[in-house]
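# Tertiary structure, described
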Amino acid sequence: MSNARVLYINLTGVTCEIMKNLVLAGVAAVVCDSRPYPEAVREMPCSFFHAEDMESAASENDSSQCTVAKSVQPKVEELNPLLAGRNSIEERPIAELSDDFFTQFDAIVASRLTVEEAKRISTSLQKVDEGKLFIVTDTFGFDGCAHLDFGASHKYRRELGKDKLSDLMPVEPYLSMADMMSVPLQGATGRWDKSVPRILVLHRLLMDYWSLVDKPEFVKFAHDWLAINKLSSSALSSDVQDCSLETLGEIAQHPEVSPVCAVLGGILGNEVIKSLTGKGEPANNVMMFSGFDGGCRSFLLKKN
């Protein structure tokens, strides 16, 4: 684990929490975020970006030349001096990076990806024999969701007790990130889920909405999106919170809540450590967090 490197694509509150935890644990970070600083992170609940720093950067003449990756670099270095020289940044947009670029890392943690970008990275990782973890995660209001692809060849040892581990086991059933993103949502049910989980639906809806450059009015977009995916509006309903499309539209504009990012970031950081060490049963293949009850559960997407 001490020689591992994790690639972080598009920093958000939850990915910053994962990065902070892993850098402190001695895992080197490579930040890939070409978005402009400070505009892209003004509302991010993260200790890496202080309001005073952002205002100072905004007042400088060359602020338009600064990326999020560049701005966070010195703060990442401060976290763990023992990693000096091993952390780095990548300021090119994802579209300009070759497929081989993604295969050099032991794990990839990404936020604010489009479905097409997630599929492309997943396809590139499938070309190598070694299993590499790929996480796509976002938080939205009091909820959060993550898709986890540990790689087709990943094997792990289950913990049987104190200092006791099982023989090597594969992740079964396995579904790549590309296949997860291709599963029709209307059929994404399980033993304990007779209908598709609301948090999963909301995550995929927001991924598609955030991917648009010129974003339309959210309520109309959501109605059309539900119809295209053969889902009713009840797929977004909740007994414990207001999930009207108007409220979800506000969440889409201001999605991140600090405690949600911190809790989900801690959970996903542990999944990265499981992947790097091969110890502990991984979460296969979706994790959903609800800030209303503090529960985080796994859900298994399957090919129809």
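Coordinates for the structure precede this section.
Residues numbered from 1 in each chain as written. Predicted model: local features only at pLDDT ≥ 70, side-chain atom pairs only at ≥ 80, totals over all residues. Heavy atoms only, no water.

Counted by the stated rule, this structure contains five aromatic pairs. Relative to Phe105, the ring of Phe101 lies with its centre 5.3 Å away and its plane at 70°, an arrangement referred to as edge-to-face. Accessibility expressed as a relative area gives 11% for Phe101, which makes it buried. Seen in terms of ring centroids, Tyr209 and Phe221 are 5.3 Å apart; in terms of plane orientation they differ by 55°. Their pairing is tilted. (Phe/Tyr/Trp six-rings, centres within 6.5 Å; stacked < 30°, edge-to-face > 60°. Buried < 20%, exposed > 50% of the residue type's maximum accessible area, 1.4 Å probe, protein only.)

This part is about the sheet that holds strand β6 (residues 143-149). Spatially, eight strands are ordered β3-β2-β1-β4-β5-β6-β9-β10 in an open sheet, and the strand pairing comes out mixed. Strands with a single pairing partner mark the edges of an open sheet, and in this sheet they are β3 (88-90) and β10 (295-299). For this sheet, the mean inter-axis angle between neighbouring strands, taken without regard to orientation, is 20°. Where helix α10 (residues 258-277) meets the sheet, it contacts β1 (5-9), β4 (107-110), β5 (133-140), β6, β9 (286-290) and β10, and its direction lies at approximately 175° from that of β5. (Pairing = 2+ DSSP bridges. Helix = DSSP H or I, 4+ residues; strand = E, 2+ residues; numbered from the N terminus. Axes fitted to C-alpha atoms, helices over the stretch in contact; angles between N-to-C directions. Contact = heavy atoms within 4.5 Å.)

A few words on the pattern of salt bridges. Tallied over the entire structure, the rule returns 13 salt bridges. The shortest N-O distance in the salt bridge between Glu17 and Lys20 comes to 3.0 Å. You can see Glu17 and its partner Lys20 sitting in helix α1 (residues 13-24), three residues apart, about one turn around the helix. With a shortest N-O distance of 3.3 Å, Glu281 and Arg158 are connected by a salt bridge. Taken together, the residues span a long stretch of sequence, with Glu281 in the loop between α10 and β9 and Arg158 in strand β7 (residues 155-161) at a distance of 123 residues. Salt bridges linked by common partners bring Asp99, Arg120 and Lys127 together as one network. (Salt bridge = Lys/Arg side-chain N within 4 Å of Asp/Glu carboxyl O.)

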